[in-house]
Structures are given as structure tokens and as C-alpha cells.
Amino acid sequence: MECDYEAMCATLLLEQSQAIHYYARTKEGNELGNIAGFFFANFPYVDNECNFQVADLFAVDIDLDTKRFVKAKLDDINLNAKETMTLLWFNTIAAQHVKLHAMANWGVNVDEALADVNPFFRQSSVVTVLYNYFGYTSFNGFFKTWVDEGLTSPGWLKPEKPLVQAFNHGITENVWQHAQIVDLTKHSEFVNFIVQVRAIFFAEFQKHKDLFPGTDGEAMFVGTILHSLDHSLMDWNLKDPLWLDVDDPRFGKMAELGRVVKVGFVSDIPGLYFHKRYKGSGHPFYEAVYRKAAKINKKFADVMDTCIIK
């Protein structure tokens, strides 16, 4: 299957959590068409010497009617759609998605007192904390094996840890202000779902807040619904890891890592011995949210997880 890179760029922007980088669109009737601009200030990336870099601005324009790439620039460098897709995928795995993991740490409670009050939530909290440890602290240790197997280049083993530098940059840069994202509800299945389900989540959280002491609702929403849906969409959107061009002279090293992450760390982990979905949890809060979310988009609602386990 060949990749339509122009369509993929639009999909990675509209149908994943980096949709928050939407900045503005052309006015109705503009001669340029219905164009949306996505801006990434202080954009982190890793060059082909495996050195961590930060560009002042990564900017991508897409046509909202055709849902196709129009143009992109990394500072003063004009990019084609294939290059842009590699940068969007790397940003997803290295700087954007990690924000969800980090924020999730405030949406848990592992106190033993919850073992009686809300055991399912405590179990989900323990899983989230443990998996976040694996993802941040342990992940970089896999590079030696991947280099030995020829999957990634030796530069990823540099003592500076370029991937961890990208993680840290993504976390410390915080979350891009994105109130204007409602402009995309007619153009993005993901944004339309999240905007509606967020309201449902907080209405139910208020009803059941006695079950979640010491828990930040926003962080819990991000660490459960938003995080798990981001993973599922990453899996559905990038159908073939080989679409990432490892031979690109500027961005090939990021493509290497992108392939590994796609095949090993995006889809659901098989063989879990505990329940992890909102659907079928038997918990009054999670089930109430699921029932209402499923009326909006059942495919999305069915993959809402109660913890971070991928």
C-alpha cells in the first residue's frame, strides 16, 4: 500500500491530540480556500547526527475541505509532505503524547485507603504510575538492543540521550493554549468527540467525586480518555510503519525511531489479566461516561481506557 503523504499530514494533525496546535483558519470566501494553520513554537526534533535540536517554529497548513497538505516550513526550510509527516509523527511520540502521560500523574490516587472505597480506580492508578515509570525511565534502555539488531542508529545511544531530551522538552513546554480548537469540530472526528465527551466526563465526575479523593479531574480525563484515544488513533492512522522514510537525509533518524514505536508501543498490549476499559468495567462512573460517549461515537468510546497501559 502506497502512502498518500499529503492526506496523512492532515490526518495526523486533525485526528490526534496534536490538533491542539491549530492556530487559525482563513476567513470564509478567501481566495486561498479553507486553509487551517497549525503552529508548533519551540519545536523539538533530532537531526541525522542524532543531536537534539529545537526549531523556533514548525508551521503546517492544510486544506480543511480536501483534508490535504498545502505547505510546511521548519524555520526557513520549506518541507514536502513526506518530510512533514515524519516530523508530525516524531512530535507525536516524543513531545506531544508525553504531555498526556505527565499530566496523568495528577489524575491518580494509589493510597491504600482506596482499596475499600474504590478498588478499581486504585488498581488503574497503580498501573498508570508503573507504566509511566516504564515509559520515561526505562524506555531509553532499549536502544542498545535496537542498535544491535540494526533497527536504530548508534547515535541514539549518545550520553546526552536525545530522545529523553525531546521528552523533557515536550513536558516542560507545557500545553499549547487551544480554546479555538472548537473551529475544528466540523472537520475532525476526534475533536468533535473529545469536545462533547469532556463535558460528559466532568458532569459525571462531579456526581461521583466522593469516589476520587485527591484526584484532579482534568488530569484524569487526559490520562484515561485522551491518552488511550490518542494511542488508538496513532495505530489506525499510520497503517504502515514503512511509510516513515529512514533514508531521508535530514530526518531519517527520527523515522527509524518512529517505525519502532509504531510496531512496538502504540497498539493494545495483549494478554492483560485485568480490565482496563470504561466499557464493561462495572464501575458506576466509568460506565455512565461510556454509555453517553458511545452515543456520540461508539468506535472511539470502545477504546477508552481507565489507565495508562500502552
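Please refer to the structure placed before this passage.
Not measured: the values here are computed from a predicted model. (Residues numbered from 1 in each chain as written. Predicted model: local features only at pLDDT ≥ 70, side-chain atom pairs only at ≥ 80, totals over all residues. Heavy atoms only, no water.)

A. Empty space enclosed by the protein, seen in detail. Enumeration according to the criterion identifies 1 cavity of 30 Å³ or more in this entry. Computed from the structure, the largest cavity encloses a volume of approximately 80 Å³. Along the wall of the largest cavity there are 15 residues; nearest its centre are Gly107, Val108, Thr128, Thr224 and Thr306. For the lining of the largest cavity, the residue count by class is 8 nonpolar, 7 polar and no charged. (1 Å grid on protein atoms, 1.4 Å probe; cavity = no way out; pocket = protein on both sides within 12 Å on 5 of 7 lines; lining within 4 Å. Points joined across faces, edges and corners; volume = space filled by probe spheres on them. Nonpolar A, V, L, I, M, F, W, Y, C, P; charged D, E, K, R; others polar.)

B. Examining helix H1 (residues 5–14) more closely. Most of H1 is tucked away, with 7 of its 10 residues classed as buried. Within H1, burial applies to Tyr5, Met8, Cys9, Ala10, Leu12, Leu13 and Leu14. Of the surrounding elements, those touching the buried residues of H1 are strand S2 (35–46), strand S3 (52–63), strand S4 (68–74), helix H2 (81–104), helix H7 (189–207) and helix H8 (217–237). (Buried < 20%, exposed > 50% of the residue type's maximum accessible area, 1.4 Å probe, protein only. Helix = DSSP H or I, 4+ residues; strand = E, 2+ residues; numbered from the N terminus. Contact = heavy atoms within 4.5 Å.)

C. Summary view of the packing of H2 against H8. As a packed pair, H2 and H8 sit with axes 8 Å apart at the nearest point and diverge in direction by 155 degrees. The angle between H2 and H8 places the two elements in the roughly antiparallel class. The hand of the H2/H8 crossing is left-handed. Facing Trp89, Thr92, Ile93, His97, Leu100, His101, Met103 and Ala104 of H2, the residues of H8 in contact are Glu218, Ala219, Val222, Gly223, Leu226, His227, Asp230, His231 and Met234. Looking at the contact of H2 with H8 residue by residue, the classes come out as 9 nonpolar, 6 polar and 2 charged. (Axes fitted to C-alpha atoms, helices over the stretch in contact; angles between N-to-C directions. Parallel < 35°, antiparallel > 145°, perpendicular 65-115°, else oblique. Left-handed = near helix turned anticlockwise from the far one by under 90°.)

D. Looking closely at the layout of surface pockets. A volume near 510 Å³ is recorded for the largest pocket. Around the largest pocket sit 23 residues that line it, and Val98, His101, Gly135, Tyr136 and Phe167 are the ones nearest its centre. Among the secondary structure elements, those contributing two or more residues to the lining of the largest pocket are H2, helix H4 (119–138), helix H6 (162–172), H8 and helix H9 (252–264). By volume, the second largest pocket amounts to about 390 Å³.

E. Quick peek at a nonpolar patch on the surface. A surface patch of nonpolar side chains, amounting to about 200 Å² of accessible area, comprises Val110, Val126 and Val129. Among the structural elements, Val110 can be located in the loop between H2 and helix H3 (114–117). (Patch = residues over 30% accessible without salt bridge, like charges linked within 9 Å, V, L, I, M, F, W, Y side chains within 5 Å. Areas by Shrake-Rupley, 256 points an atom, 1.4 Å probe, with all protein chains shown as cover. Salt bridge = Lys/Arg side-chain N within 4 Å of Asp/Glu carboxyl O.)

F. The pattern of salt bridges, seen in detail. Applying the stated criterion across every chain, the model contains 16 salt bridges. Here Arg68 makes a salt bridge to Asp4, at a shortest N to O gap of 2.8 Å. One end of the pair, Arg68, is in strand S4; the other, Asp4, is in the segment before H1, and 64 residues separate them in sequence. Owing to a relative accessible area of 29%, Arg68 belongs among the partly exposed residues under this scheme. For Asp4, a relative accessible area of 36% gives the class partly exposed. The closest approach of N and O atoms between Arg250 and Glu83, which form a salt bridge, is 2.8 Å. Taken together, the residues Arg250 in the loop between H8 and H9 and Glu83 in helix H2 connect sequence positions 167 residues apart. Connected via shared salt-bridge partners are Asp268, Lys276, Arg277, Asp305 and Lys310.

G. The packing of aromatic side chains, seen in detail. Counted under the stated rule, the structure contains 36 aromatic pairs. Note on Phe285 and Tyr286: the rings are 5.2 Å apart at their centroids and 70 degrees apart in plane angle, and the pair reads as edge-to-face. Grouping aromatic residues by their ring pairs yields a cluster made of Phe120, Phe121, Phe201, Phe202, Phe205, Phe212, Phe221, Tyr278, Phe285 and Tyr286. The ring of Trp236 carries Lys299 above its face, with NZ or CZ at 4.3 Å from the centroid. (Phe/Tyr/Trp six-rings, centres within 6.5 Å; stacked < 30°, edge-to-face > 60°. Lys NZ or Arg CZ within 6 Å of the ring centre and 35° of its normal.)

H. Up close: the sheet that holds S4. Pairing in this open sheet of 5 strands is antiparallel, and the strands run S1-S2-S3-S4-S5 from one edge to the other. Single-partner strands in this sheet number two, and they are strand S1 (22–25) and strand S5 (77–79). Ignoring which end each strand starts from, the neighbouring axes of this sheet average 25 degrees apart. With 11 bridges joining them, S2 and S3 adopt antiparallel strand pairing. Each bridged residue has a counterpart across the sheet, and for Val46 the counterpart in S3 is Phe52. Across the sheet, H1 lies against S2, S3 and S4, angled at about 80 degrees from S4, the strand it touches most. (Pairing = 2+ DSSP bridges.)

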